[in-house]
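Reading the structure
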Number of protein chains: 2
Amino acid sequence: MYFTKEQFQTYQEQGFLLLNQYLSPDEVEIMKGELPALFAEDSPGKVLEKDKNTVRAIHASHTRNEVFERLSRHPRLVEPVMRLLGSEVYIYQFKINAKAAFSGDVWQWHQDYIFWRKEDGLPTARIINVMVLLDDMNEFNGPFFLIPGSHKEGMIDTSEKKLTNVSKNPTDSEDGSSWKANFEANLKYSLNPETVADLVSNYGVTSIKAPAGSVLFFDSNVAHASPCNISPFTRSIAIITYNSVENIPFPIENPRPEFLVSRDYRPVEPLAEDSLLLKSLV
Amino acid sequence: MYFTKEQFQTYQEQGFLLLNQYLSPDEVEIMKGELPALFAEDSPGKVLEKDKNTVRAIHASHTRNEVFERLSRHPRLVEPVMRLLGSEVYIYQFKINAKAAFSGDVWQWHQDYIFWRKEDGLPTARIINVMVLLDDMNEFNGPFFLIPGSHKEGMIDTSEKKLTNVSKNPTDSEDGSSWKANFEANLKYSLNPETVADLVSNYGVTSIKAPAGSVLFFDSNVAHASPCNISPFTRSIAIITYNSVENIPFPIENPRPEFLVSRDYRPVEPLAEDSLLLKSLV
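The paragraphs below set out a description of the structure included in this document. Note that the structure is a prediction, hence the values are computed from the model and not measured.

Reading the values: rules and limits
- Residues numbered from 1 in each chain as written.
- Chains lettered and ligands numbered in written order.
- Predicted model: local features only at pLDDT ≥ 70, side-chain atom pairs only at ≥ 80, totals over all residues.
- Heavy atoms only, no water.
- Least-squares fit on C-alpha atoms with pLDDT ≥ 70 in both.
- Contact = heavy atoms within 4.5 Å.
- Pairing = 2+ DSSP bridges.
- Helix = DSSP H or I, 4+ residues; strand = E, 2+ residues; numbered from the N terminus.
- Salt bridge = Lys/Arg side-chain N within 4 Å of Asp/Glu carboxyl O.
- Buried area = accessible area lost by both parts, 1.4 Å probe.
- Polar contact = N/O pair within 3.5 Å; in protein donor to acceptor, adjacent residues only side chain to side chain.
- Nonpolar A, V, L, I, M, F, W, Y, C, P; charged D, E, K, R; others polar.

1. Overview of the relation of the copies chain A and chain B
For these two chains of identical sequence, chain A goes onto chain B by a turn of 180° and a shift of 0.0 Å along the axis, with RMSD 0.0 Å. Such a turn and shift between the copies fits a two-fold axis. Looking at chain A, 100% of its interface residues are interface residues in chain B too, so the copies touch through the same face.

Put into structure tokens, the structure is as follows:
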């Protein structure tokens, strides 16, 4: 049991739960040690910032990197999620957002579920995000903003916007990377300003400020965003999205790449508590 | 006497002093009432955000608007500044930065004095900024970041950068508005990332979070910046820059427009304490 009864209630009520320093400094250090090589890699799920140089996000590192594979099976992440979703779970998506010092750009206000519904045919919001802070997140380095309780609104359908990124980059359709529009600063299903203003007026707004190793569990319908990082402090996070094995996407035409929406539906088997610390990594 | 002895010391030590709710809610309301008309006006010192629509900044409103003229002569602003500078003062520059909800863009890390030195021939940093918060400034709406004590470094000469804005906008030189490059998100004399990282490492970093009506006095060599505003809360401020009458700029070729660097060197005469509240505005 990693959550108290009160913590489960808080999660249900607010749509998120922050656990301060839930993973140890040693675990954080091991994970951070992997980032330079992963960011340097020319992997298919790599997204750059507008400067075309700084890494914004990488995807599916758990399929290529032993440390992040172990993170994705960490019992402190997986067991509470199974309990919250009431079933076994599989890894739907795994990403690392870099939010680099001086360069990390905005993530506009959005809910996650609408992307997965519209792009991947995900039947319900029976899916949970787990964000692992790989750096301290503070008021200066583009912290995560949340509208607590906004998950109660369910999926808010936004009219699909014209994507300036797509028209600006004629190679997008040629190299099959139109999916990138969902990961750049100009998000496809962002919430419009009036909706955000209403939500904040009704529910308020909060931010996550916590040391590295803290973990945020959050509902896929909680509205969230993060501002640019103009500080000297890089703010990297890993986000593992666990889907219920009873919530497999409908078959759709032209599914997004495997690194965005995994078709490996095998249930995650949690490892032992100290697995991330083991030296004998393959 | 508006500052205590301790407050004067704090200002000298940190390079800034924040006075919470230094002006009254009634005074704020009167000033805010003027903004829609001023923002709508097609004034020469108007700067737009990258969306070419939202107002980013307007200049010299104190020369056209009775309320802001009275603000610029408010004894709570002028008297401490005269004391800090040890002389009479005149208004060097007056601007209102809008930092609009959902649209207000970054101000990169910079010191102010270098702009005035390089562009206007200002002999010394014997000049003070007074920022009046016209809205609450909070962690969500692009608050002002400061490096306390960084004024002790004096003017840090940055190598002049190539301005992407200028090359992108061929009309700049034609309509004589190349000055705008100093007011857009891509600042001409911004501090480079290595310098900012060093300063933050040596001095730390802080942010201003205070209700409307609060006033920040700050040194022209304190390094500062502000991130984008992705929140539903507009964050407008007025900044009045008072120069010592003993620090008149050298004559230079091609001076910037009057609304950026006033040639009206007449000393400011402070008004009575309640002047902003008077109903009989002209």
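Following the structure, the description resumes.
2. Topic: the sheet that holds strand 10 (residues 224-226) of chain A
Either a parallel or an antiparallel arrangement is found when strands of a sheet pair, and the pairing is made through backbone hydrogen bonds. All names here are of chain A. The 4 strands lie next to each other as 5-10-7-8, forming an open sheet whose pairing is antiparallel. Of all the strands in the sheet, just strand 5 (107-110) and strand 8 (206-207) have a single pairing partner and so form its edges. The pairing of strand 7 (residues 145-146) with strand 8 spans 2 bridges and is classified as antiparallel. Residue pairing in the sheet places F145 in a bridge with S207 of strand 8.

3. Section: the pattern of salt bridges
All names here are of chain A. The full count for this structure, using the stated rule, is 30 salt bridges over all chains. Residue E13 pairs with K152 through a salt bridge whose shortest N-O separation is 2.7 Å. With E13 in helix 1 (residues 5-14) and K152 in the loop between strand 7 and helix 6 (164-168), this residue pair connects regions lying 139 residues apart in the sequence.

4. A look at the interface of chain A and chain B
Taken together, the contacts link 22 residues of chain A with 22 residues of chain B. Summed over both partners, the interface of chain A with chain B buries about 1800 Å², with 81% contributed by carbon and sulfur atoms. Summed over the shared surface of chain A and chain B, the number is 6 residue pairs in polar contact (both at pLDDT 80 or more). Broken down by secondary-structure element, the contributors of at least two residues to the side of chain A that touches chain B are strand 5, helix 8 (193-203), strand 8 and strand 10 of chain A. When residues in the side of chain A that touches chain B are grouped by element, the largest group, 4 residues, is from helix 8 of chain A. Residue composition of the side of chain A that touches chain B, by class: 17 nonpolar, 3 polar and 2 charged.

Just geometry here; none of it tells us what the structure is for.
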